[in-house]
Every structure is written in structure tokens, then in C-alpha cells.
Amino acid sequence: MSNPANSGINPFEVALTQLDEVSTLIGLDKGLHEFLAHPKRVLTISIPVKMDNGTIKVFTGFRSQHNDALGPFKGGIRFHPQVTIDEVKALSMWMTWKCAIANIPFGGGKGGIICDPKRMSVGELERMTRRYAYGISDIIGPYKDIPAPDVYTGGREMAWIMDTFSVIKGNYIQPEVITGKPIQIGGSLGRNEATGRGLSITVREAAKKLNIDMKKATVVVQGFGNAGQFSAQLVEEQGAKIIAASDSKGCIINKNGINTASLRKHKEKTGSISNYESSQTLSNDELLQTECTILIPAALENQITKGNAGKISAKIVAEAANGPTTPEADKILFENKVLVIPDILANGGGVTVSYFEWLQNLRREYWTEKEVNDRLDTNITNAFSRVYDTHIKHNTDMRKASMIVALNKVVDAIKIRGLWP
Ligand code: GLU
């Protein structure tokens with residue numbers, strides 16, 4: 001996975017450009033625009049950790065809370081060496097739009113720790129995660145801010161955070177403080193696959209609109225982590241053929257088709273998708289430019305830029321990652337009639353099932369997987385059609401259309417609530 005920091009593009013500037021463009025388009029009041037350009041609160045913490053070799057290492061962590069007009073802040077926590085405060089701020093703003101589009105009663109938040117989890121032991125990771133949870137414990141809570149997994153975090157880390165929070169805040173179990181937990185401690189069935197499932201629903205709906213026969217469609221997936229794997233598997237179940245994929249260690253292609261279940265097994269066994277049977281290797285640029293029907297960027301920010309957007313031949317770009325396309329690239333793709341299903345719509349399935357998990361926890365209920373998946377399908381299908389209709393009505397790209405839907409909702413809530421004092 002290439003390094004977003006090396007691209008020289010600041011994700012928060014990207015988020016602000018998107019906000020500026022759409023604010024102008026809908027004639028948003030200058031003051032409200034300014035209000036939304038700033039996160040409500042950004043916390044930076046130092047996280048001292050006893051390392052296995054006896055030394056103390058101090059990590060830096062963040063939690064950005066962008067807007068809570070519609071409900072408590074909501075959004076994941078990422079562990080990555082290239083995390084920056086501006087990246088976390090951008091991601092928290094995108095969460096505000098994402099929750100509004102998915103029609104769930106949350107605002108936007110995001111957290112991160114600058115660290116390289118692949119080079120840390122489980123013990124070091126646990127101590128770091130618990131100390132981070134302690135550091136943000138006063139600003140998170142079941143009705144304040146509900147974190148979740150993101151890049152290189154998962155159920156294990158969520159369990160540590162839930163446990164730490166529960167122990168230090170009254171010493172009773174509070175599963176509703178965090179989502180994406182393991183099933184045994186209040187996680188929801190269907191949450192693990194939810195981002196990919198939501199994405200596959202948006203692809204299904206887009207294919208209907210564009211008259212694409214999914215049985216003839218070919219798919220390229222950049223990034224084979226949680227979102228990429230399940231996105232690939234679930235579009236494959238619609239009949240499409242996966243022809244190329246990548247992960248942080250390399251890119252592979254096989255035009256005859258790659259079976260996602262067997263590629264996942266290979267990755268579990270060897271630690272990467274490289275050297276997968278009967279595949280050839282290619283570069284990251286070649287991967288993005290591979291002729292295909294559907295391109296799924298599922299890695300990090302700033303992958304599709306003005307430098308390579310013109311060479312993308314896909315009919316649909318469905319963003320499983322957050323922020324993979326820059327504003328200049330968006331313009332090129334729109335001119336070239338590539339339908340971009342933007343992150344804030346395409347990957348909203350994750351936070352939607354997080355909402356279902358939170359509801360189940362608050363009510364101490366357990367829903368069946370079918371109930372979760374059916375409700376997810378209804379939410380995402382409705383979100384897609386609201387955005388698609390807006391894109392036709394305003395003759396604009398799907399990202400701007402998504403943001404029109406989101407901004408109208410958030411701004412309405414701000415106006416109705418009023419500004420205190
Ligand atoms: N990190 C995921 C996202 O970017 C999930 C957030 C959540 O479930 O709160 O949408």
C-alpha cells in the first residue's frame with residue numbers, strides 16, 4: 001500500500017476543498033461553512049508504553065470530533081506509521097457526512113495512533129491501546145463519542161478499549177461505548193463484513209443504473225484488508241470476476257479470474273497475497289490502470305490523483321477506502337464519465353452496522369445476521385438512490401451529490417438546534 005504522506009497531498013486540505021466546492025454549489029451561509037470547516041474538538045495525547053525490552057516508548061495519539069449536530073461522534077481508530085493530525089481531522093469530517101448520508105443518528109469522529117502495529121508484540125499493542133483508551137476516556141462514551149475499528153485495528157483492540165473504559169468508568173460493563181467488538185462481548189453479527197457488504201450493495205445499484213451485467217463485469221481491488229476482501233467476495237457473489245488485487249506487499253493479476261476465498265486463505269497462510277497461484281505481478285500504477293468494469297480502491301488516501309485519473313478505464317470506481325481520490329482526479333473521472341461511488345456512500349455499511357451494534361447493546365438485544373443484513377440493505381439502497389437522484393438533478397458527480405445530501409441534513413440540524421448561547 002503506498003504511503004499517503006509521500007504523495008504530498010494533505011487529506012484535510014482535500015476535505016476542505018470538497019466542503020468549499022459544495023458550500024458554493026448550495027449557497028451555504030459563510031458562517032455555517034466556517035463552522036463546519038473546523039472540528040469541534042481535537043485531542044492530542046502522549047502515550048507512554050513499556051516495551052518488551054524494558055524501555056519506555058512514547059507514542060502520539062489523536063481523537064478528532066468534527067460535528068455532533070445529528071448525534072454522538074462516531075468513527076474508527078487507526079494504527080499506522082503515517083497517521084497525522086490532519087489525516088484524522090479529515091477522516092472525522094468525512095464521518096460526519098457518511099453518517100448523515102446513511103441516515104443514522106451520529107456525528108463524525110476519528111482517532112489514530114502513530115505507530116507501526118506490524119512491528120509490535122501483542123503485549124505492547126495491548127498496553128498502548130489501553131493507555132490510549134485511558135487518554136481519550138473523558139471525551140468518549142456511549143452518548144458522547146463511540147469509536148470503532150479502522151486501518152490495522154479490529155475486534156481485539158475494541159475489546160481492550162471497552163474493557164479499559166468499563167473498568168475506569170464505574171467498573172461495570174459498557175459495551176455500547178465502542179463498536180466492532182468480538183461477538184462474545186456484544187459485537188454484532190454481520191459487522192465484520194459490513195463495509196464490504198455495503199459497498200457491494202452500492203455497486204449492485206450502480207450497475208442497474210448503468211445497465212452493467214454483473215456476470216460480465218471484471219473487478220480490480222487495491223488493498224486486501226477487511227474492507228477490500230469482503231467487497232471483492234460480495235461483488236464476486238453477484239457474478240463478477242476479480243482479475244487483480246494488491247496488498248501492502250505487492251500486486252497480482254490473473255485475467256482468467258481470482259477466487260477471493262482461496263486468495264484469502266493464501267494470505268492467511270503466507271501473510272500476503274504475493275505469489276498467489278497462476279498470477280503475474282504488476283506495479284501499483286498498472287493495477288489502478290488495469291482495464292476492468294469496477295475498480296475498488298480499498299487501501300489509503302490519495303491513490304487516484306490528477307497524475308493517473310485519466311488512465312483509469314473502469315466504468316465504476318467504488319471507494320472502500322476513505323479519501324482515495326483527490327478533487328482534481330474527481331474532475332477528470334467525471335469528465336471521462338466514470339461513475340465514482342464515493343467513500344462516504346460506498347463504505348457507509350461499516351458505520352451503519354456499528355449503529356445496529358450500538359442499538360443492540362443499549363437494548364441488550366441480539367439480532368440475527370439476516371436482520372442485520374436486511375436492514376443494512378434497505379439503508380444503503382435508500383442512501384444510494386438519494387445520492388444518485390441528487391447527482392442527476394444537479395448534474396454533478398456522486399461525491400458532490402453525497403455532500404449535498406449530507407450538508408443539507410447537518411445544516412438543518414444545526415439551524416433547528418440553534419447556536420448556544
Ligand atoms: N472506520 C470505519 C469508517 O471509516 C467505521 C466507523 C464506525 O463503524 O464507526 O467508516
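Residues numbered from 1 in each chain as written. Predicted model: local features only at pLDDT ≥ 70, side-chain atom pairs only at ≥ 80, totals over all residues. Heavy atoms only, no water.

**Student:** Please give an account of the overall build of the protein chain that cites residues and values.
**Tutor:** Check the secondary structure of the protein chain and you find 14 helices and 12 strands. Here the C-alpha radius of gyration of the protein chain, 20 Å, is about what a compact globule of 421 residues would show, namely 22 Å. Projected onto its principal axes, the C-alpha positions of the protein chain cover 55 × 55 × 45 Å. By the burial criterion, 59% of the 421 residues in the protein chain qualify as buried. The contacts of the protein chain with a sequence gap of at least 6 include a subset with a gap of at least 24, amounting to 69%. If you sum the accessible surface of the protein chain, you get close to 17,200 Å²; carbon and sulfur atoms cover 51% of it. Both charge centroids of the protein chain, one from 50 positive and one from 44 negative side chains, sit 2 Å from each other. (Helix = DSSP H or I, 4+ residues; strand = E, 2+ residues; numbered from the N terminus. Rg over C-alpha atoms; globule rule 2.2 N^0.38 Å. Buried < 20%, exposed > 50% of the residue type's maximum accessible area, 1.4 Å probe, protein only. Contact = heavy atoms within 4.5 Å. Areas by Shrake-Rupley, 256 points an atom, 1.4 Å probe, with all protein chains shown as cover. Lys, Arg positive; Asp, Glu negative; His and termini not counted. Charge placed at Lys NZ, Arg CZ, Asp CG, Glu CD.)

**Student:** Lay out the packing of helix H6 (residues 194-209) against helix H7 (residues 226-236) with the relevant residues and their values.
**Tutor:** For the pair H6 and H7, interaxial distance at closest approach is 7 Å and the crossing angle is 45°. Put simply, H6 runs oblique to H7. Considering the relative orientation of H6 and H7, their crossing is right-handed. On H7, the residues that touch Thr-195, Gly-196, Arg-197, Leu-199, Ser-200 and Val-203 of H6 are Ala-227, Phe-230, Ser-231, Leu-234 and Val-235. Looking at the contact of H6 with H7 residue by residue, the class counts come to six nonpolar, four polar and one charged. (Axes fitted to C-alpha atoms, helices over the stretch in contact; angles between N-to-C directions. Parallel < 35°, antiparallel > 145°, perpendicular 65-115°, else oblique. Left-handed = near helix turned anticlockwise from the far one by under 90°. Nonpolar A, V, L, I, M, F, W, Y, C, P; charged D, E, K, R; others polar.)

**Student:** Describe the nonpolar core, and please don't skip the residues or the numbers.
**Tutor:** Counting residues in each nonpolar core, the largest one holds 64 residues, and the members touching the most others are Leu-36, Trp-97, Ile-296 and Ile-341. Here the element with the most residues in this core is helix H14 (residues 398-417); it accounts for 11 residues. Beyond its immediate chain neighbours, meaning those up to four positions away, Ile-296 contacts Leu-199, Val-219, Val-220, Val-221, Gln-222, Ser-231, Val-235, Ala-318 and Ala-320. Ranked by size, the runner-up nonpolar core spans 24 residues in total, among them Met-51, Ile-113, Met-128 and Met-158. (Core = buried A, V, L, I, M, F, W, Y, C linked by side-chain atoms within 4.5 Å.)

**Student:** Can you lay out the site of the ligand for me, pointing to particular residues and giving the numbers?
**Tutor:** Looking at the ligand, there are 14 residues lining it, with Lys-74, Lys-98, Pro-149, Asp-150 and Ser-354 nearest. Between the ligand and the protein, one listed contact pairs an oxygen atom with a side-chain N or O atom of Lys-74 at 2.8 Å. A distance of 3.1 Å separates an oxygen atom of the ligand from a polar atom in the side chain of Asn-322. Burial of the ligand by the protein chains amounts to 95% of its free accessible area of 300 Å². Among the secondary structure elements, those contributing two or more residues to the shell around the ligand are strand E3 (73-80), helix H3 (85-101), strand E5 (145-149) and helix H12 (348-363). In the shell around the ligand, the residues fall into four nonpolar, five polar and five charged. (Near = heavy atom within 4 Å. Polar contact = N/O pair within 3.5 Å; in protein donor to acceptor, adjacent residues only side chain to side chain.)

**Student:** Requested: an account of the environment of Gly-141, with residues and values cited.
**Tutor:** Along the chain, the position of Gly-141 falls in the loop between helix H4 (122-136) and E5. Gly-141 sits in the buried class, given a relative accessible area of 4%. Note: C-alpha distance between Gly-141 and Arg-399 (258 residues apart in sequence) is 31 Å.

**Student:** I'd like a description of the side chain of Gln-174, backed by residues and values.
**Tutor:** Relative to the helices and strands, Gln-174 is located in the loop between helix H5 (155-168) and H6. Owing to a relative accessible area of 6%, Gln-174 belongs among the buried residues under this scheme. With sequence-adjacent residues up to four places away left out, Gln-174 is seen in contact with Pro-142, Met-162, Phe-165, Ser-166 and Lys-169.

**Student:** Pulling in residues and values, what's your account of the sheet that holds strand E10 (residues 294-297)?
**Tutor:** With respect to topology, seven strands assemble into an open sheet ordered E9-E8-E7-E6-E10-E11-E12, the strand pairing being mixed. The open sheet has two free edges, formed respectively by strand E9 (280-282) and strand E12 (339-341), since each of these has just one partner strand. With strand direction ignored, the average angle separating the axes of adjacent strands in the sheet is 20°. Looking at chain direction, E10 and strand E11 (residues 316-318) are connected through two bridges and run parallel. Looking across to E11, one finds that Leu-295 is bridged to Val-317. (Pairing = 2+ DSSP bridges.)

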